[in-house]
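Observations on the model geometry
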Amino acid sequence: MSNDTMTPTPEGALAAMLQAFEARLSTIEAKVDAEVAAIKEQLPEDKASIIVFSGDLDKTLAAFIIATGAATMGLEVSMFFTFWGLSAIKKQRLTDGKSLPERMMALMTPASSLEMAPSKMAFFGAGSVMLRQMMKEKDVASLEEMIDLARELGVKIVACEMSMDVMGVKGDELMSDVQLGGVATFLADATKSRVSLFI
Amino acid sequence: MSNDTMTPTPEGALAAMLQAFEARLSTIEAKVDAEVAAIKEQLPEDKASIIVFSGDLDKTLAAFIIATGAATMGLEVSMFFTFWGLSAIKKQRLTDGKSLPERMMALMTPASSLEMAPSKMAFFGAGSVMLRQMMKEKDVASLEEMIDLARELGVKIVACEMSMDVMGVKGDELMSDVQLGGVATFLADATKSRVSLFI
Amino acid sequence: MSNDTMTPTPEGALAAMLQAFEARLSTIEAKVDAEVAAIKEQLPEDKASIIVFSGDLDKTLAAFIIATGAATMGLEVSMFFTFWGLSAIKKQRLTDGKSLPERMMALMTPASSLEMAPSKMAFFGAGSVMLRQMMKEKDVASLEEMIDLARELGVKIVACEMSMDVMGVKGDELMSDVQLGGVATFLADATKSRVSLFI
């Protein structure tokens, strides 16, 4: 649009120009709204997702320290318990109605977090006693207290259904308020999360 | 710009104002395009990246369950096999042309996924048989079926060249269609991913 | 705004229209600035965060290969050493002034990275010698060289204070220039990172 076509401006041309401006304005407004909405859809949210695969006392402690820390910082946290990790959210061991390999698996895995051994220096149970004792002496919350805290803070606790099925873990063996889910449950949270960890 | 300077508007002033508006419009349009492009460059993409370090049957299973789950959900998935994790993508063990420590390493690591033991309850091979049997009873795909599925779904499978070099693993020992790469290969994918895990 | 209300345009109406346009322009400009600023606040930054939980030689090597690789690619890297992982950033073992369980813990954990054993094939020390020898033969930097490189590249090294407290690790036992922090320190970095790993 050059100066000589604009001055002087007949009224009809002026009206057309104003309409063109208005159209451009509306286009930009709509574009900004659409782009912002699309980008926000892709932005990570204030979430953290943790797969708890390990049934080790020390790693499970780390998982709950991170989970409760993140929840305290205002992140929405989800923990997905799979394989040996299920032991952390068990409240009891049941053997009734289980097949032989399921009963064996039940007997060889901890009945609850209280029976879990650390990944190193297990010493047939002494390592767990020692680690718990050292934590107590330094006024660090126990694993069970951290699990309770996580639940109070609204941390989402999901048990992997496929692992339960394969290992023969029944719903009655798990703590109350545990959700059941699959890998899609984890991924739906993880793909929206700022942090995702496999522990 | 106040009312009294605008009314009445001489034609020359009007033309200048319209030009100024047009310039602002063009500036905003350009700014929106530039900002949106820059932001999109920084947004995580629909990708997931997994380092498979462990050579354990159970952890490798978890890695492939997550990888195939993510690929099924439409994510572009890349798996980076390093250290003991290389065993999962081996099709055979070769010892010819290897140094003594390389041969020892070859003999002490699984010849393929079929020889991998779980991280817990290995029981000199019984743990692997038991886990595989329990999966079969519950109609869960075997690790080998999941590896095939991952390949069918287009999951990118990268073998860590440095690990191959250090451990003496030869290209002929790996499954076909495996890409070779280094930590930069992993990071190039991981920095664009919504989820990255070390398993 | 239809044609018949615009042509002919009395000067007062024209001025009002132009003012309305200008207001819309200013609104869009402000909106773009605000939305862009808000989005940038939520975008992941060029950072990577690694929790080093394991005290295994091989996993610690993997952590430093990833950390130095990421730093070389221009990412800001922070490593958070917790539990057994503290061994990697110890320069010496001290027992003076420690309680009995603290002294036991000190004696049962490596005095420094040089004493760390791999997660597999430890063979009471032989595994570590073999792995280090194989790396040397292939001209791969040793763990200690990688730790030095990480520090030269400006990788942020944080020791978990709670782990130090529980395990009785003293500041004098750690390498110089190590920062002390807690889970909040890790999460502050991790929530801004493109990649976060638990190793």
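Right above here is the structure, for reference.
As the structure is a prediction and not an experimental result, all values here were calculated from the model.

Turning to the interface of chain C and chain B, a few remarks are in order. Counting from both sides, the interface comprises 47 residues of chain C and, opposite them, 49 residues of chain B. Between chain C and chain B lies a buried interface of about 4300 Å² when both sides are counted; carbon and sulfur atoms form 73% of it. There are seven salt bridges connecting chain C and chain B. Counting the contacts that link chain C with chain B gives 10 residue pairs in polar contact (both at pLDDT 80 or more). Of all the elements in the fold, those that place two or more residues in the side of chain C that touches chain B are helix H2 (11-42), helix H3 (57-72), helix H5 (126-137) and strand S5 (195-198) of chain C. Sorting elements by how many residues they give to the side of chain C that touches chain B places H2(C) first, with 17 residues. Among the residues forming the side of chain C that touches chain B, the class breakdown is 29 nonpolar, six polar and 12 charged.

The next subject is the relation of the copies chain A and chain C. Its rotation angle being 120°, the transformation that places chain A on chain C also includes 0.1 Å of axial translation and leaves an RMSD of 0.2 Å. Taken together, the rotation angle and the small translation identify this as a three-fold axis.

Moving on: helix H6 (residues 143-152) of chain C. All names here are of chain C. Those residues of H6 not exposed but buried are Leu143, Glu144, Met146, Ile147 and Ala150. Looking straight down H6, one finds its buried side chains confined to an arc of 160°; they lie on one side. The elements touched by buried residues of H6 are H3 and H5. Note on H6: the residue one or two positions beyond its end, glycine 154, has a positive phi of about 85°.

What follows deals with the interface of chain A and chain C. Listed by partner, the interface residues are 47 residues for chain A and 48 residues for chain C. Summed over both sides, the interface between chain A and chain C buries roughly 4200 Å², with carbon and sulfur atoms accounting for 73% of that surface. Linking chain A with chain C are seven salt bridges. With its nearest N and O atoms 2.5 Å apart, the salt bridge here joins A:Lys120 to C:Asp56. Taken together, the connections running from chain A to chain C amount to 10 residue pairs in polar contact (both at pLDDT 80 or more). Where the side of chain A that touches chain C is concerned, the elements lending two or more residues are helix H2 (11-42), helix H3 (57-72), helix H5 (126-137) and strand S5 (195-198) of chain A.

On to the sheet that holds strand S3 (residues 156-160) of chain A. Residue and element names in this part refer to chain A. Spatially, the five strands line up as an open sheet ordered S4-S3-S2-S1-S5, and their pairing is parallel. This sheet does not close on itself; its edge strands, each paired only once, are strand S4 (179-181) and S5. The average undirected angle you get between the axes of adjacent strands in this sheet is 20°. Relative to S5, strand S1 (residues 47-52) runs parallel, the two being bridged by four bridges. Paired with isoleucine 50 across the bridge in S5 is leucine 197. The strands that H3 touches are S1, strand S2 (76-81) and S5; relative to S2, the one it contacts most, it runs at about 160°.

On inspection of all chains with the given rule, the structure shows 51 salt bridges over all chains. Here A:Glu173 and A:Lys98 are joined by a salt bridge, their closest N and O atoms 2.8 Å apart. With A:Glu173 in the loop between helix H7 (161-167) and S4 and A:Lys98 in the loop between S2 and helix H4 (100-108), this residue pair connects regions lying 75 residues apart in the sequence. Under the relative-accessibility criterion, A:Lys98 is labelled buried at 6%. Across the pair B:Arg151 and B:Asp177 runs a salt bridge, and its minimum N-O distance is 3.8 Å. Highlighted residues: B:Arg151 in helix H6 (residues 143-152) and B:Asp177 in the loop between helix H7 (161-167) and strand S4 (179-181), separated in sequence by 26 residues. One connected set of salt bridges, linked through shared partners, spans A:Glu45, A:Lys47, A:Glu76 and A:Lys192.

A word on the packing of aromatic side chains. One pass over the structure, following the stated rule, counts 12 aromatic pairs over all chains. An aromatic cluster of three or more residues is present, and its members are A:Phe53, A:Phe83 and A:Phe198.

Here we take up unusual backbone geometry. All names here are of chain A. Here the phi dihedral of methionine 121 falls at roughly 50°; this positive angle occurs in a residue that is not glycine. Position of methionine 121 relative to the elements: it lies in the loop between H4 and H5. Taking relative accessible area as the criterion, methionine 121 reaches 17% and is therefore assigned buried.

Attention now moves to the environment of B:Lys170. Residue and element names in this part refer to chain B. Examined against the element boundaries, lysine 170 turns out to sit in the loop between H7 and S4. Separated by 75 residues in the primary sequence, lysine 170 and threonine 95 have C-alpha atoms spaced 9.4 Å apart. Ignoring sequence-local partners within four residues, the contact set of lysine 170 consists of Gly97, Lys98, Glu102 and Met164.

This paragraph deals with the sheet that holds strand S5 (residues 195-198) of chain B. Residues and elements named next belong to chain B. The parallel open sheet is built from five strands, whose spatial order is S4-S3-S2-S1-S5. The sheet terminates laterally at S4 and S5, the two strands that pair on one side only. Taking each pair of neighbouring strands and ignoring which way they run, the sheet shows an average axis angle of 20°. The sheet contact formed by strand S2 (residues 76-81) and strand S3 (residues 156-160) spans four bridges and is parallel. Bridged to phenylalanine 80 within S3 is valine 158.

Close contact between helix H4 (residues 100-108) of chain B and H5(C) brings their axes to 11 Å; oriented N to C, the two are set at 130°. By the criterion of interaxial angle, the relationship of H4(B) to H5(C) is oblique. Along this stretch, H4(B) crosses H5(C), giving a crossing that reads as left-handed. Residues B:Pro101, B:Glu102, B:Met104, B:Met105 and B:Met108 of H4(B) form the contact with H5(C), whose participating residues are C:Met130, C:Met134 and C:Glu137. Partitioning the contact of H4(B) with H5(C) into residue classes produces six nonpolar, no polar and two charged.

All names here are of chain B. Counted residue by residue, strand S1 (residues 47-52) has six buried out of six residues, so it is predominantly covered. Where burial is concerned, the two faces of S1 agree: the one with Lys47, Ser49 and Ile51 and the one with Ala48, Ile50 and Val52 are both buried. The pairing of S1 with S2 spans six bridges and is parallel. Bridge assignment links isoleucine 51 to a residue of S2, and that residue is phenylalanine 80. Each parallel crossover has a hand, and the one from S1 via helix H3 (residues 57-72) to S2 is right-handed.

Criteria and cut-off values
Residues numbered from 1 in each chain as written. Chains lettered and ligands numbered in written order. Predicted model: local features only at pLDDT ≥ 70, side-chain atom pairs only at ≥ 80, totals over all residues. Heavy atoms only, no water. Contact = heavy atoms within 4.5 Å. Buried area = accessible area lost by both parts, 1.4 Å probe. Salt bridge = Lys/Arg side-chain N within 4 Å of Asp/Glu carboxyl O. Polar contact = N/O pair within 3.5 Å; in protein donor to acceptor, adjacent residues only side chain to side chain. Helix = DSSP H or I, 4+ residues; strand = E, 2+ residues; numbered from the N terminus. Nonpolar A, V, L, I, M, F, W, Y, C, P; charged D, E, K, R; others polar. Least-squares fit on C-alpha atoms with pLDDT ≥ 70 in both. Buried < 20%, exposed > 50% of the residue type's maximum accessible area, 1.4 Å probe, protein only. Arc of directions from axis to C-beta. Pairing = 2+ DSSP bridges. Axes fitted to C-alpha atoms, helices over the stretch in contact; angles between N-to-C directions. Phe/Tyr/Trp six-rings, centres within 6.5 Å; stacked < 30°, edge-to-face > 60°. Parallel < 35°, antiparallel > 145°, perpendicular 65-115°, else oblique. Left-handed = near helix turned anticlockwise from the far one by under 90°. Right-handed = clockwise from strand over helix to strand, strands pointing away.

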